[in-house]
Amino acid sequence: MSKKILWVGIVSLAVIAMAISLAILFAKPPSFNGTSYNEPYPTAPQIELTKSNGETFRLSDQKEKIVLLFFGYTSCPDVCPTTLAELNQVMDGLGDKADLVQVIFVSVDPERDTPEKIQQYAGHFNQDFIGLSGSTDELKTIWDSYGVFREEVESDSALGYIVNHTARTYLIDADGNLRLSYGFQTPVEDIVSDLKTLLK
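Residues numbered from 1 in each chain as written. Predicted model: local features only at pLDDT ≥ 70, side-chain atom pairs only at ≥ 80, totals over all residues. Heavy atoms only, no water.

## Thoughts on the overall build of the protein
Part 1: In terms of helices and strands, the protein carries five helices and 10 strands.
Part 2: Across the 200 residues that make up the protein, the buried fraction comes to 42%.
Part 3: Taking all contacts inside the protein whose residues are at least 6 apart in sequence as the whole, residues at least 24 apart take part in 70%.
Part 4: For the protein, the exposed surface amounts to about 11300 Å²; the carbon and sulfur share of it is 54%. (Helix = DSSP H or I, 4+ residues; strand = E, 2+ residues; numbered from the N terminus. Buried < 20%, exposed > 50% of the residue type's maximum accessible area, 1.4 Å probe, protein only. Contact = heavy atoms within 4.5 Å. Areas by Shrake-Rupley, 256 points an atom, 1.4 Å probe, with all protein chains shown as cover.)

Here it is in structure tokens:
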């Protein structure tokens, strides 16, 4: 092999290596459909509540899974059933990666939502969904830490009162950080796309 051919080969490898290095250095971070939290991503506030089976649920135990967290209540006439139905569609859209995602539904109506009632309600949409409730004091700490707004409004319906509440879904990554949030009726395919990006 002549020195000229060897030199050309070395230069070519150097150019390729430099191109790869520049591509990695200037690669754009993945873009998401949801509203992103700023880096460094905040740690998701702890949720610790008793499940319907008497076991203690801790959000920190969900690490290595992505969590989709939604606050609502079982007597909700519209937003909550719509959101849970859409989150079930999200799980369907993930296929065999659905096992890496956990949907959690936390009550904003402790007076009417027992742990058993909210779990049964969440399970109606998907048997793997976790429904959680607790005392007003327990839940208020959680609502406040996530910035969840809620107010009881008297109603003429048989419900007695309705609860106006924040209608966002929070995405907590596998490291336990708040990464994204989604407004009411964000397209299912947008959430699926974000999850697939994070699960790569």
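## Some details on the environment of asparagine 38
Part 1: Position of asparagine 38 among the secondary structure elements: in the loop between strand S1 (35–36) and strand S2 (48–50).
Part 2: According to the relative accessible area criterion, asparagine 38 is exposed, its value standing at 65%.
Part 3: In this structure, the C-alpha to C-alpha distance between asparagine 38 and arginine 179, residues 141 residues apart in sequence, is 8.1 Å.

## Points about the nonpolar core
Part 1: The biggest cluster of nonpolar side chains holds 53 residues, and the ones touching the most others in it are Ile47, Leu69, Phe71 and Tyr146.
Part 2: Examining the composition of this core, we find that seven residues originate from one element, helix H2 (residues 79–94), more than from any other.
Part 3: Sequence-distant contacts of phenylalanine 71, defined by excluding residues within four places in its chain, comprise Phe105, Val106, Val108, Ile142, Trp143, Tyr146, Val148, His165, Thr166 and Tyr170. (Core = buried A, V, L, I, M, F, W, Y, C linked by side-chain atoms within 4.5 Å.)

## A few points about the packing of H2 against helix H5 (residues 188–198)
Part 1: Their axes nearest at 9 Å, the elements H2 and H5 cross at an angle of 45°. When the axes of H2 and H5 are compared, the pair comes out oblique. Crossing angle aside, the handedness with which H2 passes H5 is right-handed. The segment H2 lies against H5, with Glu86, Gln89, Val90, Gly93 and Leu94 engaging Val188, Ile191, Val192, Leu195 and Lys196.
Part 2: Its residues assigned to classes, the contact of H2 with H5 shows six nonpolar, two polar and two charged. (Axes fitted to C-alpha atoms, helices over the stretch in contact; angles between N-to-C directions. Parallel < 35°, antiparallel > 145°, perpendicular 65-115°, else oblique. Left-handed = near helix turned anticlockwise from the far one by under 90°. Nonpolar A, V, L, I, M, F, W, Y, C, P; charged D, E, K, R; others polar.)

## Looking at empty space enclosed by the protein
Part 1: Tallied over the full model, the rule gives one cavity of 30 Å³ or more.
Part 2: Counted as a void, the largest cavity has a volume near 90 Å³.
Part 3: For the largest cavity, the full set of lining residues is Thr83, Glu86, Leu87, Ala167, Thr169, Tyr182, Gly183, Phe184, Gln185, Thr186 and Ile191.
Part 4: In terms of residue count, H2 provides more of the lining of the largest cavity than any other element does, three residues in total.
Part 5: For the lining of the largest cavity, the class distribution of residues is five nonpolar, five polar and one charged. (1 Å grid on protein atoms, 1.4 Å probe; cavity = no way out; pocket = protein on both sides within 12 Å on 5 of 7 lines; lining within 4 Å. Points joined across faces, edges and corners; volume = space filled by probe spheres on them.)

## A look at unusual backbone geometry
Part 1: Here the amide bond leading from glutamate 39 into proline 40 is cis, since omega sits at -5°, within 30 degrees of zero.
Part 2: Positive phi values are uncommon outside glycine, yet glutamate 64 reaches one of about 85°.
Part 3: Within the fold, glutamate 64 resides in the loop between strand S3 (56–58) and strand S4 (66–72).
Part 4: On the basis of relative accessible area, glutamate 64 is assigned to the exposed category, the value being 70%.
Part 5: The phi dihedral of glutamine 185 is positive, around 65°, even though this residue is not glycine.

## Some thoughts on the side chain of serine 133
Part 1: For serine 133, the position within the fold is in the loop between strand S6 (130–132) and helix H4 (136–146).
Part 2: By relative accessible area, which is 2% here, serine 133 ends up buried.
Part 3: A polar contact is formed between the side chain of serine 133 and the backbone oxygen of aspartate 113, at a distance of 2.6 Å.
Part 4: When residues no more than four places from it in sequence are discounted, the contact partners of serine 133 are Leu49, Thr50, Ser107, Pro110, Asp113, Thr114, Pro115, Ile118 and Leu139. (Polar contact = N/O pair within 3.5 Å; in protein donor to acceptor, adjacent residues only side chain to side chain.)

## Some details on the environment of phenylalanine 70
Part 1: Mapped onto the elements, phenylalanine 70 comes out in strand S4.
Part 2: Phenylalanine 70 gets classed as buried once you look at its relative accessible area, which sits at 0%.
Part 3: Residues phenylalanine 70 and leucine 171, 101 residues apart in the sequence, show an inter-C-alpha distance of 9.2 Å.
Part 4: In contact with phenylalanine 70, other than residues within four places in its own chain, are Val79, Cys80, Thr83, Ile104, Phe105, Val106, His165, Ala167, Arg168 and Thr169.

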